[in-house]
Amino acid sequence: EPETHFVKMLNSLGRKDVEAAVAHAQAALDRGLPFARLAAGPRDALAPLRKTDAWQEWAKGHEKLNLLHGPMLGNVTGSSVDVWIRTRKPVKAEVVVFGSDNGVVRARSEAKMTSPESDLTAVLTVKRLRPNTAYRYTVLLDGEPASQVASFETVAEEGSPSKFRVAFGGGAGHVPKWEYMWDTILKEKPNALFMLGDNVYIDDPTQPLTQDYCYYRRQARPEWRRLVGSTAVYAIYDDHDFGTNDCVPGPDIFKPAWKPEVFKRFDRNWANPQYGTPKQPGCWFDFYIGDVHFIMLDGRYYRDRKSSPPTMLGPVQRSWLFHTLKNSKGRFKVLASPVPWTIGIKPGSKDPWDGFPEERELIFSFVEKSKINGLFLIAADRHRTDLRITKRESGFPFVEFESSKLTNRHTHGVVKTDGLVWGYNKTCSFALMKFDTTADDPVVKFEAITIDGEVVHDHELKLSTITHK
């Protein structure tokens, strides 16, 4: 109900009916909307509201409310951490890191000014940390503490065997009664959270107002902030947060004209290690946690059915992928896609990799011919949690772990493809991967976990079973 009044407020402002907007804003606040939601904006749309006497009354007692969204961790390595924030006004921001057992300052980021040009966001990097070490931190705005002291833990040095956990999923529509999913994930204490697409449902690529509203709504949730304040987040998009349902935007960087603006908003709402290439925007990137190599793919920006063969990745990203796989030092190599790989997973649809079978075959054949060991697949898009194995003539099994019903209402039935190990769709769920590369035969354990924390399925995958003979 508060969100309904928030949207009616925006609609009233669009009609220049400030009196009605004030009434709907008051109704939203009366029903529990935090004042921080109004302070965040979207600012241009709410500018007339800020000039009213009602605004001055609402703002009383919130003079020190300066950190609106975040902190959100990203790109946690063995020696550094990125911290994303959004502020209420332009300020000098920095992060201070303490030892876990005392108040001694161990490291601090360089200071950055937040500005309207970046929608008052900043990514602050703290370096010179130790691997596998617990730390506490806080955000300073204009030199004053602006967040509660939170904690995080660095991961193993790149290339080092270790034990760690990664949660992932997609399908995170805003359903208030299911936002406690983020607290459920937090209880599993993952080292990282992968958001693999449909992270917020926008479906309105030509309207920046809609995009901002959807991001702000999620970022303001206390459950979300508790999770991302202590867990590194890595994100790629899919159709509902890049364009519209099953969109095929084509090969050009600047066509349709909304592409660069949508990408800019995605970029400034996450803290990924990098984005595409300097000349080729996109949300593809890779990183290591210990000796496990994670490779994240952009399945939308350059999706093109008119090319020969049709491509989901585009030639630049596909070339980068082959080079990255060929040069990988990871014992496990985890290839993440916003849509599933398995044949027949969405019968009759060309939206998953079934719509790009030649490019999928190029990738699978490259893995086989290059004898790339330790590779398995993860994906989102289908509103359930599945484990499937595609067996090939080469003898190399392509194992796929898929999950995309974090908070969605809508559910997809479990499709019984060849190689289905198990599938779960009774309620919201997420995927958890528990890596142990210190074992003689390194292993990753897959778990499907419900929104209430119940492990409904599991499976162990040993490195030796995905090694080319």
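Since this is a predicted model, take the numbers as computed values, not measurements.

Within the open sheet, the three strands sit side by side as β1-β2-β6. Their pairing is antiparallel. Two strands close off the open sheet at either side, each with one partner strand: β1 (67-74) and β6 (121-126). Strand-to-strand, the axes of this sheet are offset by a mean angle of 20°, without reference to chain direction. Strand direction decides the pairing type here: β1 and strand β2 (residues 81-87), joined by five bridges, are antiparallel. Residue Gly-74 lies in a different strand from β2, and its bridge partner there is Asp-82.

Where strand β21 (residues 443-450) meets strand β22 (residues 455-462), seven bridges bridge the pair, whose relative direction is antiparallel. By the bridge assignment, Phe-446 is partnered in β22 with His-459. Hairpin connection of β21 to β22: four residues between the antiparallel strands, including Gly-453 at a positive phi of 85°.

Every α-helix carries 3.6 residues per turn, so stepping three or four residues along brings you back to the same face. For helix α11 (residues 315-326), built from 12 residues, the straight-helix expectation of 16 Å at 1.5 Å per residue is met to within 8% by its first-to-last C-alpha distance of 16 Å. When we look at burial in α11, the residues that qualify are Gln-317, Arg-318, Trp-320, Leu-321, Phe-322, Thr-324 and Leu-325. Close packing links the buried residues of α11 with β13 (285-289), β14 (292-296), β15 (332-337), α12 (357-369) and β16 (375-379).

The description of an aromatic ring pair rests on the distance of the ring centres and on the angle between the ring planes. For the coordinates displayed, the defined rule picks out 39 aromatic pairs. Aromatic pair Phe-164 and Phe-294: ring centres 6.3 Å apart, planes at 70°, arrangement edge-to-face. Residue Phe-164 is found in strand β10 (residues 163-169), and its partner Phe-294 is found in strand β14; the two are separated by 130 residues along the sequence. Judged by its relative accessible area of 5%, Phe-164 is buried. Among the residues examined, Phe-294 registers a relative accessible area of 0% and is labelled buried.

A word on the pattern of salt bridges. Under the counting rule described, the total for this entry stands at 29 salt bridges. Note that Arg-31 is salt-bridged to Glu-1, the shortest N-O span being 2.8 Å. Of the two residues, Arg-31 sits in the loop between α2 (18-30) and α3 (35-40) while Glu-1 sits in the segment before α1 (2-14), which places them 30 residues apart along the sequence. With a shortest N-O distance of 2.6 Å, Arg-318 and Glu-359 are connected by a salt bridge. On the criterion of sequence distance, the pair formed by Arg-318 in helix α11 and Glu-359 in helix α12 is long-range, its members being 41 residues apart. You'll find Arg-318 and Glu-359 in the same group, each marked buried. Each member of the salt-bridge network shares a partner with another, and the members are Asp-238, Asp-239, Arg-300, Arg-303 and Asp-351.

Now for unusual backbone geometry. It is generally the case that most residues other than glycine have a negative phi and that most peptide bonds are trans. With omega at -10°, the peptide bond leading from Lys-255 into Pro-256 counts as cis. Within the element layout of this structure, Pro-256 appears in the loop between α9 (239-242) and α10 (259-267). With omega at 0°, the peptide bond leading from Ser-308 into Pro-309 counts as cis. Within the element layout of this structure, Pro-309 appears in the loop between β14 and α11. A positive phi angle is found at Asn-75, which is not glycine, with a value near 50°. One can find Asn-75 in the loop between β1 and β2. Assessed through its relative accessible area of 16%, Asn-75 is described here as buried. Positive phi is not limited to glycine here, since Asp-203 has a value of about 55°. Examined against the element boundaries, Asp-203 turns out to sit in the loop between β11 (192-195) and α7 (208-219). For Asp-203, a relative accessible area of 31% puts it in the partly exposed group.

All right, on to the sheet that holds β13 then. Pairing is mixed across the open sheet formed by seven strands, whose spatial order is β13-β14-β15-β16-β18-β17-β19. Of all strands in the sheet, those with a lone pairing partner are β13 and β19 (420-424), marking the two edges. Direction aside, neighbouring strands of the sheet carry axes that sit 20° apart on average. In the sheet, β15 pairs with β16 via five bridges, with the strands oriented parallel. From the neighbouring strand, Lys-333 faces β16, where its bridge partner is Leu-375. Those strands touched by α12 are β15, β16 and β18 (398-403), and its axis lies near 135° from that of β18.

With that settled, consider the state of the cysteines. Summed over the entire model, instances satisfying the criterion amount to zero disulfides. Free cysteine Cys-247: the closest other cysteine sulfur is in Cys-283, separated by 12 Å. With no disulfide of its own, Cys-428 lies 18 Å from the sulfur of Cys-214, the closest cysteine sulfur.

Right, let's get into the environment of Arg-303. Tracing the backbone shows Arg-303 in the loop between β14 and α11. Each C-alpha atom, one on Arg-303 and one on Leu-313, is 6.1 Å from the other, the two residues being 10 residues apart in sequence. Apart from the residues within four sequence positions on either side, Arg-303 is in contact with Cys-247, Val-248, Pro-249, Gly-250, Thr-311, Met-312, Val-339, Lys-350, Asp-351 and Phe-356. For Arg-303, the side chain forms a polar contact with the main-chain oxygen of Gly-299, separated by 2.8 Å. In terms of polar contacts, Arg-303 uses its side chain to reach the backbone carbonyl oxygen of Asp-351, at 2.8 Å.

We now examine the nonpolar core. With 138 residues, the main nonpolar core has Leu-38, Phe-194, Phe-294, Phe-376, Met-433 and Phe-435 as its most contacted residues. Residue contacts for Phe-435: discarding those within four places in its chain leaves Ser-162, Lys-163, Phe-164, Val-166, Val-292, Phe-294, Phe-332, Val-334, Phe-376, Val-443 and Val-444.

The next point concerns the environment of Asp-252. Its place among the elements puts Asp-252 in the loop between α9 and α10. Overall, the relative accessible area of 38% leaves Asp-252 in the partly exposed class. Taking the C-alpha atoms as reference points, Asp-252 and Gln-280, 28 residues apart in sequence, are found 10.0 Å from one another. Apart from the residues lying within four places of it in its own chain, the contact partners of Asp-252 are Lys-259 and Tyr-301.

What counts and what doesn't
- Residues numbered from 1 in each chain as written.
- Predicted model: local features only at pLDDT ≥ 70, side-chain atom pairs only at ≥ 80, totals over all residues.
- Heavy atoms only, no water.
- Pairing = 2+ DSSP bridges.
- Helix = DSSP H or I, 4+ residues; strand = E, 2+ residues; numbered from the N terminus.
- Axes fitted to C-alpha atoms, helices over the stretch in contact; angles between N-to-C directions.
- Expected span 1.5 Å × (residues − 1).
- Buried < 20%, exposed > 50% of the residue type's maximum accessible area, 1.4 Å probe, protein only.
- Contact = heavy atoms within 4.5 Å.
- Phe/Tyr/Trp six-rings, centres within 6.5 Å; stacked < 30°, edge-to-face > 60°.
- Salt bridge = Lys/Arg side-chain N within 4 Å of Asp/Glu carboxyl O.
- Disulfide = S-S within 2.5 Å.
- Polar contact = N/O pair within 3.5 Å; in protein donor to acceptor, adjacent residues only side chain to side chain.
- Core = buried A, V, L, I, M, F, W, Y, C linked by side-chain atoms within 4.5 Å.

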